[in-house]
Amino acid sequence: MMLVARRAAATHRGLSTVAVTGASGYIGSYVVAELLARGHSVRAAVRGCDANPAKAAHLLALPGGDRVTLIDGGDLSVDGSFDEAFAGADAVVHTAATVVVGADAAIADASIDGVRNVLRSVDRAPTVQRFIHTSSIAAIQRYDKGAGHVFSEADFNDWSTIENGDAYGYGKTRGEIIARAHFAEGDQSRKFVALNPGIVVGPVMTKAHTKASPLFVRDLIYGNAVPNSEGANFVDVRDVAAAHATALEKAEELDGMRFVLVNDHPCMNILGLGAAAAASFPDYDLRSVPLLPPWKLSLAMAASHLPVVGKYAMTEFQRLLMTTPIHFSNTLAKTHVLDAGFIPLKTSLEDAITSMVALGITPKMKK
């Protein structure tokens, strides 16, 4: 199991002090690890770390952890809560987010207001010259394209709305647009790059990380039900971290660009993770349990077309999520920020399960 991505640390272009929002989170922790491996110093914004030192202890334990400065703050809902973390930093990597696919208007508000609060803190930190924004493929994919459409960086998701049930996709799209416009219309010496990862999997550092996107893998171990999502595209957390660090270091030439981050595995139903895991760990009881068995899925989909009451059975977004494959091109990321390509899903899944077992998450991991 590799802690950080495979790109050599020697690729950095000048050392810097980087503020990372959501630094103790899943993506944030690996971004911190990658930045340290490349020689940078990190100002890690971790809400509540003063009262709960264990929340960020894994960051200080990383190789190069003596170059991590923990700063208690970073509440997306509070203007000014990132000011201390950004003060004196050369760059900001914004990974903090609330991730609940679908969800309601509150999730969209959290994403949009959170970006605005982060940007206000950036404007109060004149030393910050580079901003790397963690967006999502949810800000790219949409459900009004033909079945054969291959999504790329040229696509923006203006299909998702709160009304059709995809508040998360709406919020991620609006958040990226707001951040992009902020730098396009502001100080031109400041550089902006957006990264749009798929479902992020791979090894975890803490048990808290298993409640982020690796939850789909954790559910295999626990035997919990998972969504019948037909359009799942995955990427390894180590590749995501490497892309963030490279985008930071190459921000001058990548300014204004965005990058789809998905591995080379074809789009799949999330339920397929069970078979993949079972193939890698044949001695253990690992399988995917569908959230909706076929008969319930068919019934809910039929009911969703009813006028007025249909949305209570299943929103338009949920119906399309269950039935529509979504395909992406990752060519641009390979060319510009991931020269070695993407870690295969098989490896990501094996390392995720191995790391969870090492943390003691093993209720189904028995012969």
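In case you missed it, the structure is sitting above this.
Predicted model, so just to flag it, every value in this text is computed and none were measured. (Residues numbered from 1 in each chain as written. Predicted model: local features only at pLDDT ≥ 70, side-chain atom pairs only at ≥ 80, totals over all residues. Heavy atoms only, no water.)

1. With respect to the overall build of the protein
Each helix and strand in the protein was counted, giving 14 helices and 13 strands. Taken along its principal axes, the extent of the C-alpha atoms in the protein is 60 × 50 × 40 Å. The buried share among the 367 residues of the protein stands at 54%. In the protein, of all internal contacts separated by at least 6 residues, the share reaching a separation of at least 24 is 80%. Carbon and sulfur atoms form 56% of the exposed surface of the protein, whose accessible area is close to 14900 Å². With 34 positive and 37 negative side-chain charges, the protein shows a spacing of 5 Å between the two charge centroids. (Helix = DSSP H or I, 4+ residues; strand = E, 2+ residues; numbered from the N terminus. Buried < 20%, exposed > 50% of the residue type's maximum accessible area, 1.4 Å probe, protein only. Contact = heavy atoms within 4.5 Å. Areas by Shrake-Rupley, 256 points an atom, 1.4 Å probe, with all protein chains shown as cover. Lys, Arg positive; Asp, Glu negative; His and termini not counted. Charge placed at Lys NZ, Arg CZ, Asp CG, Glu CD.)

2. Quick notes on helix 7 (residues 237-249)
The terminal C-alpha atoms of helix 7, which comprises 13 residues, lie 19 Å apart, in line with the 18 Å expected from a rise of 1.5 Å per residue. Most of helix 7 sits out of view: 13 of its 13 residues are buried. The residue sitting at the N-terminus of helix 7 and contributing the capping side-chain oxygen is D236; that oxygen lies 2.7 Å from the backbone nitrogen of R238. (Expected span 1.5 Å × (residues − 1). Polar contact = N/O pair within 3.5 Å; in protein donor to acceptor, adjacent residues only side chain to side chain.)

3. Describing empty space enclosed by the protein
Considering all chains together, one arrives at 1 cavity of 30 Å³ or more under this definition. There is about 100 Å³ of room inside the largest cavity. H94, A96, A97, S111 and K172 are the residues nearest the centre of the largest cavity, which is lined by 12 residues in total. Of all the secondary structure elements, the ones that give two or more residues to the lining of the largest cavity are helix 4 (105-123) and strand 5 (130-134). It is helix 4 that contributes the most residues to the lining of the largest cavity, 4 residues altogether. Split by residue class, the lining of the largest cavity holds 5 nonpolar, 6 polar and 1 charged. (1 Å grid on protein atoms, 1.4 Å probe; cavity = no way out; pocket = protein on both sides within 12 Å on 5 of 7 lines; lining within 4 Å. Points joined across faces, edges and corners; volume = space filled by probe spheres on them. Nonpolar A, V, L, I, M, F, W, Y, C, P; charged D, E, K, R; others polar.)

4. Brief notes about the sheet that holds strand 3 (residues 68-71)
Pairing is parallel across the open sheet formed by 7 strands, whose spatial order is 3-2-1-4-5-7-11. Looking at the sheet topology across the chains shown, the edges are occupied by strand 3 and strand 11 (258-261). On average, adjacent strands in this sheet sit at an angle of 20° to one another, irrespective of strand direction. Pairing of strand 1 (residues 17-21) with strand 4 (residues 91-94) involves 4 bridges; the strand directions are parallel. Opposite V18, over in strand 4, you have A91 as the bridge partner. Against the sheet, helix 5 (residues 167-185) touches strand 5, strand 7 (191-197) and strand 11, its axis set at about 165° to strand 7. (Pairing = 2+ DSSP bridges. Axes fitted to C-alpha atoms, helices over the stretch in contact; angles between N-to-C directions.)

5. Quick notes on the nonpolar core
In globular proteins that are soluble, nonpolar side chains generally tend to be buried together. V20, V32, F234 and L261 are the most contacted members of the largest nonpolar core, which totals 64 residues. For F234, the contacting residues outside a window of four places in its chain are I199, V201, V262, N263, M268, I270, L273 and L345. Listed in part, the 23 residues of the second largest apolar core include A19, F86, A96 and A125. (Core = buried A, V, L, I, M, F, W, Y, C linked by side-chain atoms within 4.5 Å.)

6. Observations concerning the side chain of R218
In this structure, R218 sits in helix 6 (residues 215-222). Within the buried core, R218 has no salt-bridge partner, and the shortest N-O distance to an opposite charge, that of D219, equals 5.2 Å. Among the polar contacts made by the side chain of R218, one reaches the side chain of T210 at a distance of 3.2 Å. Beyond its immediate sequence surroundings of up to four residues, R218 is in contact with T210, M356 and I361. (Salt bridge = Lys/Arg side-chain N within 4 Å of Asp/Glu carboxyl O.)

7. Quick word on the pattern of salt bridges
Taken as a whole, this structure holds 16 salt bridges when the rule is applied. The shortest N-O distance in the salt bridge between R38 and E34 comes to 2.9 Å. Note on R38: relative accessible area 1%, which makes it buried. Residue E34 is classed as buried on the basis of its relative accessible area, which comes to 1%. R124 is the salt-bridge partner of D79, the closest N and O atoms lying 2.8 Å from each other. Of this pair, D79 sits in the loop between strand 3 and helix 3 (83-86) while R124 sits in the loop between helix 4 and strand 5, and the two are 45 residues apart along the sequence. By relative accessible area, which is 43% here, R124 ends up partly exposed. A single salt-bridge network, built from bridges that share partners, covers E34, R38 and E249.

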